[in-house]
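Descriptive structure summary
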Amino acid sequence: ILSWSNEMILTRTTFQAKYGQGDALVTILKEVQPILTAAGARGHRILTAASGQFFTVTQEMEFDSLTAYEESIPKAFSDPGFGPWFAKMTAVVESGARDFLNIVD
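Below or above, wherever it landed, is the structure these notes cover. Since we're looking at a predicted model, the values are computed, not measured. (Residues numbered from 1 in each chain as written. Predicted model: local features only at pLDDT ≥ 70, side-chain atom pairs only at ≥ 80, totals over all residues. Heavy atoms only, no water.)

**Some details on the packing of helix H1 (residues 22-38) against helix H3 (residues 82-92)**
For clarity, the cut-off: To obtain each axis, a line is fitted to C-alpha atoms, and for helices this fit is confined to the stretch in contact; angles are then taken between N-to-C directions over 0 to 180 degrees. Think of it this way: any DSSP run of H or I at least four residues long counts as a helix, any run of E at least two long counts as a strand, and we number them from the N terminus. Note on angle classes: values under 35 degrees are labelled roughly parallel, values over 145 roughly antiparallel, values of 65 to 115 roughly perpendicular, and the remainder oblique. Two helices cross in a left-handed way if the nearer one is turned anticlockwise from the farther one by less than a right angle. They cross in a right-handed way if the turn is clockwise. By the convention used here, residues are in contact when the closest approach between their heavy atoms is within 4.5 Å. Each residue is assigned to one of three groups, with Ala, Val, Leu, Ile, Met, Phe, Trp, Tyr, Cys and Pro labelled nonpolar, Asp, Glu, Lys and Arg labelled charged, and all others, Gly among them, labelled polar.
One way to put it is that H1 packs onto H3 with a least axis distance of 10 Å and a crossing angle of 160°. Between H1 and H3, the crossing angle belongs to the class labelled roughly antiparallel. Classified by chirality, the crossing of H3 by H1 is left-handed. Here Ala-24, Leu-25, Ile-28, Leu-29, Glu-31, Val-32 and Ile-35 of H1 lie close against H3, whose contacting residues are Phe-82, Trp-85, Lys-88, Met-89 and Val-92. For the contact of H1 with H3, a count of residues per class yields ten nonpolar, no polar and two charged.

**Looking at the packing of aromatic side chains**
Just so we agree on the cut-off: Side-chain rings of Phe, Tyr and Trp (the six-membered ring for Trp) are treated as a pair once their centres are within 6.5 Å; stacked means planes under 30 degrees apart, edge-to-face means over 60, and tilted covers the remaining angles. To sort residues, take the accessible area from a 1.4 Å probe on protein chains only and compare it with the maximum for the residue type: under 20% means buried, over 50% means exposed, and anything in between is partly exposed.
All told, the structure shown has eight aromatic pairs when counted by the stated rule. Pairing Phe-82 with Trp-85 gives two aromatic rings, centres 5.4 Å apart and planes at 45°, and the pair type is tilted. You can see Phe-82 and its partner Trp-85 sitting in helix H3, three residues apart, about one turn around the helix. This pair shows no difference in class: Phe-82 is buried, exactly as Trp-85 is. Through pairs of rings, three or more aromatic residues link up here, namely Phe-77, Phe-82, Trp-85 and Phe-86.

So this is what it looks like as C-alpha cells:
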C-alpha cells in the first residue's frame, strides 16, 4: 500500500475544456506557468488527449513535497495576475480533477 510521504510529488490536473476550446485552454495554461513557478512549482508539462474524451487537457507540475504544494497555493493566489488569469481559464473549462502522485523514481 502506498502512503503519502513528504517526498517529491506530481500534481496532475485534468481539465475538460468546453467544446472547441482545447487550444485556447493550452494557451491559457502556458500563461500561468511563471506565476506557478514563482510559487514553487517546477517540471511543468501540458498534455492534450490523442484519444478518449474530446478537448481534454492535462497539466502536470512537480513539488518538493505535499507541504510545498499546499504552501504554493496562497502564493499563487496572491499574485496580481492570478485573478484575471483564473477568469480566462474558467471561461473555457467545463470541469476538472486533480491527482497527487508520489514520485518514486
